[in-house]
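Here is what each chain is made of, one letter per residue.
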Amino acid sequence: MAMSIQSRIDGARNRTFMTQYLEALSLVERLHRLLLDVIKDEFERLGILEINAVQALLLFNVGDNEVTAGELKTRGYYQGSNVSYNLKKLVEAGYMHHQRCEIDRRSVRVRLTEKGRNVQDIVEKLFLRHADGLESRAVLNPSGIEEINSALRRVERYWSDQIRYIY
C-alpha cells in the first residue's frame, strides 16, 4: 500500500530535523574541544605548562567560591572522577587550598590560592577578548548570543528531564 503524501512529508521533516539535531550535537562537542584548545594555546603562549586546559577552566569556574567536588559535579561542570583527580592535582600544585568540612569530615572544600586566582584572571581576560572580538567583528550580536543561550538552556533542560524522568 502506498504511503500517503502526509506520511512522506512527515518522514522527510523528521529526517531533516534529525540531521540538524545530529549536526548540533557535533557542533557542541567540537566547540567544547576547541574551547579547550584555545585555552591550552593561551597558556602555552604565556609559558604556563604545569596545568592543562580542563584545570584552568575548573579554576575559572570555581572563581571566588568555596566549593566541594560534589558541588562542581552537580553544577554540571565536570564528571565525578575527573573533578576529583583535577582538584587533587591543583591542590598539589598550589592553585587551590583544601580543607575538610567541619560537619562532614568526608567532604573537602576547596578555594583558589593567589596562584589559582592568577589563572582565573588569565582565562577571564581571554574570554573578554573573545567576547569583544565576536561582537566587534559582527560574528554575534547581543540578541544572537541571547538566542543561542536560550536554545541551549532548553536543550539542557530537556536532557536533564530525560535523566530524571525517563518516560
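Given the structure is predicted, the values throughout are model-derived calculations rather than measurements. (Residues numbered from 1 in each chain as written. Predicted model: local features only at pLDDT ≥ 70, side-chain atom pairs only at ≥ 80, totals over all residues. Heavy atoms only, no water.)

S.K.: For helix α2 (residues 53–62), give the residues involved together with the corresponding values.
M.R.: Since there are 3.6 residues in each turn of an α-helix, residues three or four apart along the chain are aligned in direction. Counting buried residues in α2 gives eight out of 10 residues, a clear majority hidden from the surface. The opening residue of α2 is Asn52, an N-cap whose side-chain oxygen sits 3.1 Å from the backbone nitrogen of Val54. Downstream of α2 by one or two residues, Gly63 has phi in the positive range, about 55°. (Buried < 20%, exposed > 50% of the residue type's maximum accessible area, 1.4 Å probe, protein only. Helix = DSSP H or I, 4+ residues; strand = E, 2+ residues; numbered from the N terminus. Polar contact = N/O pair within 3.5 Å; in protein donor to acceptor, adjacent residues only side chain to side chain.)

S.K.: Got a sec to walk through the side chain of Glu42? Specific residues and values, please.
M.R.: Relative to the helices and strands, Glu42 resides in helix α1 (residues 5–45). According to the relative accessible area criterion, Glu42 is buried, its value standing at 8%. A polar side-chain atom of Glu42 sits 2.9 Å from a polar atom in the side chain of Arg45. Ignoring any residue separated from it by four or fewer positions in sequence, one finds Glu42 in contact with Ile122, Leu126 and Arg129. (Contact = heavy atoms within 4.5 Å.)

S.K.: Before we move on, can you summarise the packing of aromatic side chains with the specific residues and values?
M.R.: Taken as a whole and judged by the stated rule, the model has one aromatic pair. With 5.1 Å between their ring centres and 80° between their planes, Phe60 and Phe127 make a pair best called edge-to-face. Taken together, the residues Phe60 in helix α2 and Phe127 in helix α5 (residues 114–136) connect sequence positions 67 residues apart. Given the relative accessible area of 24%, Phe60 is considered partly exposed. If you follow Lys115 out to its NZ or CZ, it ends over the ring of Tyr95, 4.6 Å from the centre. (Phe/Tyr/Trp six-rings, centres within 6.5 Å; stacked < 30°, edge-to-face > 60°. Lys NZ or Arg CZ within 6 Å of the ring centre and 35° of its normal.)

S.K.: So what's going on with the pairing of strand β3 (residues 108–112)? Residues and values would help.
M.R.: Two elements, strand β1 (residues 67–68) and β3, share two bridges in a ladder whose sense is antiparallel. For Val67, the partnering residue across the bridge sits in β3 and is Val110. Of the pairings in the sheet, the one linking strand β2 (residues 96–100) to β3 comprises five bridges and is antiparallel in character. Residue pairing in the sheet places Met96 in a bridge with Leu112 of β3. (Pairing = 2+ DSSP bridges.)

S.K.: Residue-level account of the sheet that holds β1, with values.
M.R.: In spatial order, the strands read β1-β3-β2; together these three strands make up an open sheet with antiparallel pairing. Each of the sheet's edge strands pairs with one partner strand only, and the pair in question is β1 and β2. Each of β1, β2 and β3 is contacted by α2, which is oriented at about 65° to β2, the strand it contacts most. (Axes fitted to C-alpha atoms, helices over the stretch in contact; angles between N-to-C directions.)

S.K.: An account of the environment of Gly133 is requested, with residue identities and associated values reported.
M.R.: Structurally, Gly133 can be placed in helix α5. Taking C-alpha positions, Gly133 is 31 Å from Trp159, a pair spaced 26 residues apart along the chain.

S.K.: Now, about the nonpolar core: what can you tell me, with residues and values included?
M.R.: Ranked by internal contacts, the top residues of the largest apolar core, which has 23 residues, are Phe43, Ile51, Leu58, Leu59, Met96 and Val119. Contributing elements (two or more residues each) for this core: α1, α2, α4 (80–92), β3 and α5. Not counting residues within four places of it along the chain, the set of residues in contact with Ile51 comprises Phe43, Ala56, Leu59, Leu90, Tyr95 and Val119. (Core = buried A, V, L, I, M, F, W, Y, C linked by side-chain atoms within 4.5 Å.)

S.K.: If you had to explain the layout of surface pockets to someone new, which residues and values would you point to?
M.R.: Roughly 2,600 Å³ of volume is contained in the largest pocket. Lining the largest pocket are 47 residues, with Val28, Leu31, His32, Asn149 and Leu152 positioned closest to its centre. Those elements that provide at least two residues to the lining of the largest pocket are α1, α2, α3 (69–74), α5 and α6 (142–164). Here the element with the most residues in the lining of the largest pocket is α6; it accounts for 15 residues. Its residues assigned to classes, the lining of the largest pocket comprises 29 nonpolar, 11 polar and seven charged. (1 Å grid on protein atoms, 1.4 Å probe; cavity = no way out; pocket = protein on both sides within 12 Å on 5 of 7 lines; lining within 4 Å. Points joined across faces, edges and corners; volume = space filled by probe spheres on them. Nonpolar A, V, L, I, M, F, W, Y, C, P; charged D, E, K, R; others polar.)

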